[in-house]
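The lines below spell out each chain.
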Amino acid sequence: MDFKALVTAARTCRRFQEDAPLHMSDLEWLADCARLTPSARNAQVLRYILATGRMVSEILPLTVWAGALKDWGGPHPGERPTAFMALLVPEDARELTFIDAGIAAQTIQLAASSRGWGCCIIASFQQARLQEMLGVPDGYRIELMLGLGVAREIRRIAPLPADGSVSYWRDAEGVHHVPKRDLDACIVGRFRDEERR
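Thresholds, definitions, all that
Residues numbered from 1 in each chain as written. Predicted model: local features only at pLDDT ≥ 70, side-chain atom pairs only at ≥ 80, totals over all residues. Heavy atoms only, no water. Helix = DSSP H or I, 4+ residues; strand = E, 2+ residues; numbered from the N terminus. Buried < 20%, exposed > 50% of the residue type's maximum accessible area, 1.4 Å probe, protein only. Contact = heavy atoms within 4.5 Å. Areas by Shrake-Rupley, 256 points an atom, 1.4 Å probe, with all protein chains shown as cover. Pairing = 2+ DSSP bridges. Phe/Tyr/Trp six-rings, centres within 6.5 Å; stacked < 30°, edge-to-face > 60°. Lys NZ or Arg CZ within 6 Å of the ring centre and 35° of its normal. Disulfide = S-S within 2.5 Å. Salt bridge = Lys/Arg side-chain N within 4 Å of Asp/Glu carboxyl O. Axes fitted to C-alpha atoms, helices over the stretch in contact; angles between N-to-C directions.

Undergrad: Go over the overall build of the protein with me, naming the residues and quoting the values.
TA: Counting its regular elements, the protein contains six helices and seven strands. Reading the secondary structure of the protein in the N-to-C direction produces α-α-β-α-β-α-β-α-β-β-β-β-α. Taking the principal axes of its C-alpha atoms as reference, the protein extends roughly 65 × 50 × 30 Å. Across the 197 residues of the protein, 42% fall into the buried class. Long-range pairs, those at least 24 residues apart, make up 75% of the contacts in the protein between residues at least 6 apart in sequence. With the model as given, the accessible surface of the protein reaches about 11,800 Å², and the carbon-plus-sulfur share is 51%.

Undergrad: Can you tell me about the sheet that holds strand 7 (residues 176-180), naming the residues and giving the values?
TA: Taken in spatial order, the three strands make up an open sheet running 5-7-6, and their pairing is mixed. Two strands lie at the open edges of the sheet, namely strand 5 (155-159) and strand 6 (169-170), each paired on one side alone. Alignment of strand 6 against strand 7, held across two bridges, turns out to be antiparallel. Across the sheet, residue arginine 170 finds its bridge partner in strand 7, namely histidine 176.

Undergrad: Talk me through the packing of aromatic side chains; I want residue IDs and the actual numbers.
TA: The geometry of an aromatic ring pair is captured by two quantities: the separation of the ring centres and the angle between the planes. Per the stated rule, a full pass over the model turns up two aromatic pairs. Where phenylalanine 16 meets tryptophan 65, the ring centres are 6.3 Å apart and the plane angle is 80°; that geometry is what we call edge-to-face. In this pair, phenylalanine 16 is assigned in the loop between helix 1 (3-9) and helix 2 (24-35) and tryptophan 65 in the loop between helix 3 (54-59) and strand 2 (83-90), connecting sequence segments 49 residues apart. Phenylalanine 16 sits in the buried class, given a relative accessible area of 0%. On the basis of relative accessibility, which here comes to 5%, the residue tryptophan 65 falls in the buried class. The ring of tyrosine 168 has arginine 14 lying over it, and the distance from NZ or CZ to the ring centre is 4.5 Å. Above the ring of tryptophan 29, the side-chain terminus of arginine 115 is found at 3.5 Å from the ring centroid.

Undergrad: Describe the state of the cysteines, naming the residues involved and giving the relevant values.
TA: For the structure shown, the criterion picks out zero disulfides. The structure places no disulfide on cysteine 33, whose sulfur is separated from the nearest cysteine sulfur, that of cysteine 119, by 12 Å. The thiol sulfur of cysteine 120 is not disulfide-bonded, and the nearest other cysteine sulfur, from cysteine 119, lies at 7.1 Å. A residue is classified by how much of its surface remains accessible, and cysteine 120, at 4% relative accessible area, is buried.

Undergrad: Go over the pattern of salt bridges with me, naming the residues and quoting the values.
TA: Summed over all chains, the structure comprises five salt bridges. Notably, a salt bridge pairs glutamate 143 with arginine 141, separated by 2.8 Å at the nearest N-O pair. By relative accessible area, which is 26% here, arginine 141 ends up partly exposed. Measuring nitrogen to oxygen at the nearest pair gives 3.2 Å for the salt bridge that ties arginine 190 to aspartate 184. Residues participating in the shared-partner salt-bridge network are Arg15, Glu153 and Arg170.

Undergrad: Residue-level account of the side chain of histidine 177, with values.
TA: Here histidine 177 lies in strand 7. When near neighbours in sequence (up to four residues on either side) are disregarded, histidine 177 contacts Arg156, Ala158, Tyr168, Trp169 and Asp171.

Undergrad: Residues and numbers for the sheet that holds strand 3 (residues 117-122), please.
TA: Read across the sheet, four strands follow the order 1-2-4-3 without closing on themselves; strand pairing throughout is antiparallel. If you trace the sheet from one side to the other, it starts and ends with strand 1 (47-52) and strand 3, each paired once. Ignoring which end each strand starts from, the neighbouring axes of this sheet average 25° apart. Bridging between strand 1 and strand 2 involves six bridges; their strand directions are antiparallel. Directly across from leucine 50, in strand 2, lies its bridge partner methionine 85. Together, strand 1, strand 2, strand 3 and strand 4 (140-150) form the strand contacts of helix 2, whose direction differs from that of strand 1 by roughly 160°.

Have a look at this one:
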């Protein structure tokens, strides 16, 4: 797959094929992809906790999904994730560590999409309860939770509407639309040498 096509396809996924679960080996492959990413000072301080099976149903109610979809309380039965990854950072993490966490999370999302899987990067969750439930090692805390599974929902990029709203939405067929600014709105400067003859 062309890389830009992969980036375009790797939208946040919130509905999954619950009858096609991911396995521990799938999560290990995703974590292996993430561990190879750039790391500030090559410190490699990120850690991961991988969960499949019954643990997924215990984690799910401790996470918050799709704040912009006010009438949707999260994945329904049959559409729930089949795996979770907790991305851990040291308790005394510095600013560059959070950049590392973002790089790792995006790598996991791209890797998942390359295999037809969906990924939802979740920053809203019940920290204390998950820390205890997952047995987070001393000196670490959960920075992000990633809900994973075989993607069920169709996600599409849409042009930014005239009112400039960046809120995502679902249409009558359940297709998830994510508005994105056009390229010219994002590039605020261009510098180039004059062409020489």
